[in-house]
Amino acid sequence: STRLVNSITHQKEELKIGETLTWYTCGPTVYDHAHVGHARAYVALDIVRRVLESQGYVVFQVMGVTDVDDKIIARAKQQGVPAHAVASEHERGFLLDMRTLNVAPAHALTRVSEHIA
């Protein structure tokens, strides 16, 4: 059997085959190109996800992308473009890099900009 720590209850729980696991992963802060540290983290997460799925678990993965940040604003000022242009460009680049590495995409992406007023 497989047991994982539930991040809400902080208790080890046995997983039931066929049960949907909702999995939130932090995504990148999209102010620059992805680097080998990003690759290592997301490849490792992808391996865990694929192992769980191969054992019959259903994984629903949500990734949060930080597209509003001081680094993004600074890069935008440096380049003379809007902050959302910097964030969009680097998010697309990150997703392409992960696709190139054959990392399974998250089922849903959330962005900071979608949750602030």
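See above for the structure.
Summary of the structure given here.

As for the environment of V81
Link 1 in the chain: Positionally, V81 belongs in the loop between helix 2 (70-79) and helix 3 (83-100).
Link 2 in the chain: Those residues in contact with V81, other than ones at most four positions away along the chain, are A76 and V86.

What about the packing of aromatic side chains?
Link 1 in the chain: If you walk through the whole model with that rule in mind, you get one aromatic pair.
Link 2 in the chain: Ring geometry for Y42 and F94: centres 5.2 Å apart, planes at 75°, overall edge-to-face. Highlighted residues: Y42 in helix 1 (residues 36-54) and F94 in helix 3, separated in sequence by 52 residues. F94 shares its class with Y42; the two are buried.

With respect to unusual backbone geometry
Link 1 in the chain: The phi dihedral of H10 falls on the positive side, at around 65°, and the residue is not glycine.
Link 2 in the chain: Relative to the helices and strands, H10 resides in the loop between strand 1 (3-5) and strand 2 (12-14).
Link 3 in the chain: Notably, N102 is not glycine yet its phi reads approximately 65°, a positive angle.
Link 4 in the chain: Turning to its location among the elements, N102 is positioned in the loop between helix 3 and strand 5 (108-111).
Link 5 in the chain: For N102, a relative accessible area of 55% translates into the label exposed.

Some points on the sheet that holds strand 3 (residues 20-29)
Strand pairs in the sheet, formed through backbone hydrogen bonds, run parallel or antiparallel to each other.
Link 1 in the chain: Taken in spatial order, the three strands of this open sheet run 3-4-5, and their pairing is parallel. Strands at the two margins of the open sheet, each flanked by one partner only, are strand 3 and strand 5. For this sheet, the mean inter-axis angle between neighbouring strands, taken without regard to orientation, is 25°.
Link 2 in the chain: Summarising the sheet, strand 4 (residues 58-66) and strand 5 pair through four bridges and their orientation is parallel. Counterpart to G64 in the pairing with strand 5 is T110.
Link 3 in the chain: Each of strand 3, strand 4 and strand 5 touches helix 3; the most contacted strand, strand 5, lies at about 155° to it.

Here we look at the environment of R111
Link 1 in the chain: Relative to the assigned elements, R111 resides in strand 5.
Link 2 in the chain: Taking C-alpha positions, R111 is 16 Å from W23, a pair spaced 88 residues apart along the chain.
Link 3 in the chain: Other than its neighbours up to four places away in sequence, R111 contacts V65, D67 and E91.

Rules behind the numbers
- Residues numbered from 1 in each chain as written.
- Predicted model: local features only at pLDDT ≥ 70, side-chain atom pairs only at ≥ 80, totals over all residues.
- Heavy atoms only, no water.
- Helix = DSSP H or I, 4+ residues; strand = E, 2+ residues; numbered from the N terminus.
- Contact = heavy atoms within 4.5 Å.
- Phe/Tyr/Trp six-rings, centres within 6.5 Å; stacked < 30°, edge-to-face > 60°.
- Buried < 20%, exposed > 50% of the residue type's maximum accessible area, 1.4 Å probe, protein only.
- Pairing = 2+ DSSP bridges.
- Axes fitted to C-alpha atoms, helices over the stretch in contact; angles between N-to-C directions.

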